[in-house]
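Observations on the three-dimensional arrangement
The primary structure of each chain is shown beneath.
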Amino acid sequence: MSLTDDLLSQLQGAPLQQVSQQLGINNQQASGAISAALPLLMGALGNNAAKPQGAEALFGALQNNHSGLDIGSVLGAVLGGGNNSPAANGAGILGHIFGGNQGRAEAGLSQATGLSQGNSSQLLKILAPIVMAFIAQRMMSGGNQGNASGLAQILGQEKQQVQQAGGIGGGLLGSVLDQDGDGQFGVSDLIKLGSGLLGSGKR
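What counts and how
- Here the residue numbering is sequential within each chain, running from 1 through the sequence in written order.
- Reporting of local features is limited, given that this is a predicted model, to residues whose pLDDT is at least 70; pairs of side-chain atoms are given and counted only at 80 or more, and all residues count toward the totals for whole chains, interfaces and linings.
- Excluded from the side-chain calculation are hydrogens and water; included are all heavy atoms of the structure.
- In this description, a nonpolar core means a group of buried Ala, Val, Leu, Ile, Met, Phe, Trp, Tyr and Cys residues linked to one another through side-chain atoms lying within 4.5 Å.
- Each residue is assigned to one of three classes by its accessible area relative to the maximum for its type, calculated with a 1.4 Å probe on protein chains only: buried under 20%, partly exposed between the two thresholds, exposed over 50%.
- Going along the chain from the N terminus, every DSSP run of H or I of four or more residues is numbered as a helix, and every run of E of two or more is numbered as a strand.
- Residue contacts follow a heavy-atom distance rule, with two residues in contact if any of their heavy atoms lie within 4.5 Å.
- Any carboxyl oxygen of Asp or Glu within 4 Å of a side-chain nitrogen of Lys or Arg constitutes a salt bridge here.
- Axis definition: a line fit to C-alpha positions, over the contact stretch in the case of helices; interaxial angles, taken between N-to-C directions, run 0 to 180 degrees.
- Our angle categories are set so that under 35 degrees counts as roughly parallel, over 145 as roughly antiparallel, 65 to 115 as roughly perpendicular, and the remainder as oblique.
- Residue polarity follows a fixed list, in which Ala, Val, Leu, Ile, Met, Phe, Trp, Tyr, Cys and Pro are nonpolar, Asp, Glu, Lys and Arg are charged, and the others, Gly among them, are polar.

Ranked by internal contacts, the top residues of the largest apolar core, which has 58 residues, are Leu7, Ile34, Phe98, Leu123 and Ile135. Top contributing element to this core by residue count: helix H8 (residues 117-140), with 13 residues. The contacts of leucine 123, once residues within four sequence positions are left out, are Val19, Leu23, Ala33, Ile34, Ala37, Leu109 and Leu115.

Structure (structure tokens):
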């Protein structure tokens, strides 16, 4: 099971209801939107961790801010407005994950799911701290994986799985990771990303 699928299954039930209430949408809409947003976040983290300095920075953040937290308490802190703590500061985390592509990620998610851009933005801010806590949990329980290169390996595999799975999440990831910033996900981007996307037939 991929990290994305594992986390998705953990968010069913009460967490899903809490998110749907927060966004003012029904459970089915919330479930579809989370299913699209999680691969986007995981894949973007995999992209960041592909660079050694990115993996080091991410591993440091996981250790310092997100270690030892469970998903329920993080969700409670985020929905309760606990944005002062680094572990629950969704906006700050998104800035690190997407950098200058944050607006594109929010717009793409909105387009793909039918959510308003405001709700898409809010959903990513809710999910980003949860994704970080989940990955920290995985890393710290992973024995010899507890280092930056182990993190890069795990997230690199996850990014590949997202791209190969295609679907909304894979397509979104492709458009957000437009490497040369021209707004078009073209051949030059594929070369920079490697051949991972070529097999999926998805943009």
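A word on the pattern of salt bridges. Throughout the structure, instances matching the rule amount to one salt bridge. Between aspartate 6 and arginine 138 there is a salt bridge; the shortest N-O distance is 2.2 Å. One end of the pair, aspartate 6, is in helix H1 (residues 3-10); the other, arginine 138, is in helix H8, and 132 residues separate them in sequence. Overall, aspartate 6 belongs to the buried group, its relative accessible area being 14%. When its relative accessible area of 32% is taken as the criterion, arginine 138 is described as partly exposed.

The next point concerns the packing of helix H4 (residues 52-66) against helix H9 (residues 148-165). Between H4 and H9, whose axes approach to 9 Å, the crossing angle comes to 100°. Here H4 lies roughly perpendicular to H9, going by the angle between them. Mapping the contact onto sequence places Ala55, Glu56, Leu58, Phe59 and Leu62 in H4 and Ala148, Leu151, Ala152 and Leu155 in H9. Taken together, the residues of the contact of H4 with H9 break down into eight nonpolar, no polar and one charged.

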